[in-house]
Each structure stands twice: as structure tokens, then as C-alpha cells.
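Listed below are the residues making up each chain.
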Amino acid sequence: MNDDAANDDAALVRLTDVSKFYGNIRALEGVSLEVHAGEITCVLGDNGAGKSTLIKIIAGLHQHDAGTFAIDGEETRLASPREALDRGIATVYQDLAVVPLMPVWRNFFLGSEPTTGAGPFKRLDVRKMRETTRAELLRMGIDLRDVDQPIGTLSGGERQCVAIARAVYFGAKVLVLDEPTAALGVKQSGVVLKYVAAARDAGLGVVLITHNPHHAYLVGDRFVLLKRGAMAGSHAKSEIALDELTRQMAGGSELDQLSHELERATSGEG
């Protein structure tokens, strides 16, 4: 087996020339990316670039129309988010699916609550949920004061971190994060990125969707740039500097053209 084949087989998730159309509208066309264990693949693009459609395909919400989608080397078409979860792909959306008034531990196990006893004596194992939530958060380096507090009292960054720890605990192999720092300030963004890196260090393959090249470059190993639903670039971190990544993300050639136009306009006024 050559090195390229070995690398392909090692990919937890691999999309090759994937396209998605809604009627005559091209949402994605010819997009390729790989996700490897212990690595973070960053998908960058502005609004309308196709990031949301890409997430929905990986998360099992939508199926692709062309190209191939492989999990652990096996071509697949996910029928639902539940199937994606069963295959080890957990997606954490920007608008987290939490019940704000329920305690942190209840949200941690929401939909997967352990029970104790049998028959009419069967009940939720609250003690196990509390202890496990506290232990798993600590294992990720998250020291919550009280897992009994309503999750709605946590900051946006803390809620994101709980969701990441939950995905790790429930055995995710691939973690897809939808703009986890978009609504956060600098300090909270830094906290979330720390736990994104912790998930990578725990051996997960991470897909980080973002429009912020600075955040991407802090933690990313690979970068895929989308523009109007198509690939605008694909780079390993060793191949590109932050300045160039930012320039490509911002549409470097378009900015150069705009700069020339503005210079002409300014000089024309004089």
C-alpha cells in the first residue's frame, strides 16, 4: 500500500467532490475534505459560502447529490442525525440544543439517561449522572462550581464546553462544531478553543466551522476555504501562514481590485 492510500484509509471522514443542489440552486459543488483522528480540520467561509450545507451533509440532515462521502473508508449516505451519531459523528450547533432551566447534569445526559432498578422500581440514576458529569467535565479541564445549577446560568462559552465534553463522553470519533466562537468575546472564545484542542488531544477528529481565520489558525491542522459553495483553497498548516490564510479568506484578489478602484477614485477627486 502506498502512502497516499494509507492516508486515505486513515481518514475518519472523507468527502470527495461532494455537491448539493436545491432545485437549480447550487449550495455546494466539488467540495473535498478529510478528517483524521487527533487533528482539527477548519472549514472557513463567509455567510453563503456553503458551510451550513456541508455541516448538514456530515451530520446526516441532508444527503449529497454527487461525489462520495466515506466514514472509516466505507462509502455512505447518512439517512438521519441518529445514524450519524451511531457512526460516531457528533455535531454541536451554534444554537445549542439545551433546556436552560434544567441542571447541567440533566442536559449532559439529555436523551441518554441511565436508570437504576427494574420494573415499577426503575428510576433515573441521578447520583450517577451528577458524578459522571462532574468527572467528565473535570477530565476535559472544565471545573464547574455546581453541576446542579441550571445550564442557562452558564456563559455561552461554558455551554459550548459542556457540549464538547458530552460528545467526548458518549464516544464520538468525529466532532463537528458550528461556529462555536461566533457570538463570544475574546476571553470566552479562547476558553472554547482550549476545549476544542482538548477534544483533538483526546483523539477525536474535529471539524471546526468558522468565519474567523485567527481562531482557525490557533488550533487548526488543515484548512478548507469555501466561497459561494465551491472550494477556494485547501491547505495544511505547514503550507500557509496566517496572513495568507486571512487574505484568501477575505478574497485577496477582490480586495486588490477594490483597492485599485478606490485609489483611482481618490486620485480622480484630487
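- The protein chain appears in an unreviewed UniProt entry as Simple sugar transport system ATP-binding protein from Streptomyces olivoverticillatus.

**Here's the deal with the packing of aromatic side chains**
Each aromatic ring pair is specified by the distance between its two centres and by the angle formed by the two planes.
Thought 1: For the coordinates displayed, the defined rule picks out seven aromatic pairs.
Thought 2: Seen in terms of ring centroids, Phe109 and Tyr169 are 5.8 Å apart; in terms of plane orientation they differ by 75 degrees. Their pairing is edge-to-face. Within this pair, whereas Phe109 is found in the loop between helix H4 (104–108) and strand E7 (115–116), its partner Tyr169 is found in helix H6 (residues 156–169), the two being separated by 60 residues in sequence.
Thought 3: We classify Tyr169 as partly exposed; its relative accessible area is 29%.
Thought 4: Plain terms: the ring middles of Tyr217 and Phe223 are 5.6 Å apart, the flat faces sit at 10 degrees to each other, and that makes the pair stacked. Note on accessibility: Tyr217 and Phe223 belong to one class, buried.

**Brief notes about the environment of Ala230**
Thought 1: Mapped onto the secondary structure, Ala230 falls in strand E12 (residues 230–236).
Thought 2: Note: C-alpha distance between Ala230 and Ser19 (211 residues apart in sequence) is 8.9 Å.
Thought 3: Residues in contact with Ala230, not counting those within four places in the same chain, are Arg26, Glu29, Ala49 and Leu225.

**Remarks on unusual backbone geometry**
Thought 1: Its identity is not glycine, yet Asp72 carries a phi of approximately 50 degrees, on the positive side.
Thought 2: The topology assignment puts Asp72 in the loop between strand E4 (66–71) and strand E5 (74–75).
Thought 3: Overall, Asp72 belongs to the partly exposed group, its relative accessible area being 41%.
Thought 4: Residue Glu179 is not a glycine yet carries a positive backbone phi of 45 degrees.
Thought 5: Locating Glu179 in the fold gives a position in the loop between strand E9 (174–178) and helix H7 (186–201).
Thought 6: A relative accessible area of 8% places Glu179 in the buried class.

Parameters and conventions
- Residues numbered from 1 in each chain as written.
- Predicted model: local features only at pLDDT ≥ 70, side-chain atom pairs only at ≥ 80, totals over all residues.
- Heavy atoms only, no water.
- Phe/Tyr/Trp six-rings, centres within 6.5 Å; stacked < 30°, edge-to-face > 60°.
- Helix = DSSP H or I, 4+ residues; strand = E, 2+ residues; numbered from the N terminus.
- Buried < 20%, exposed > 50% of the residue type's maximum accessible area, 1.4 Å probe, protein only.
- Contact = heavy atoms within 4.5 Å.

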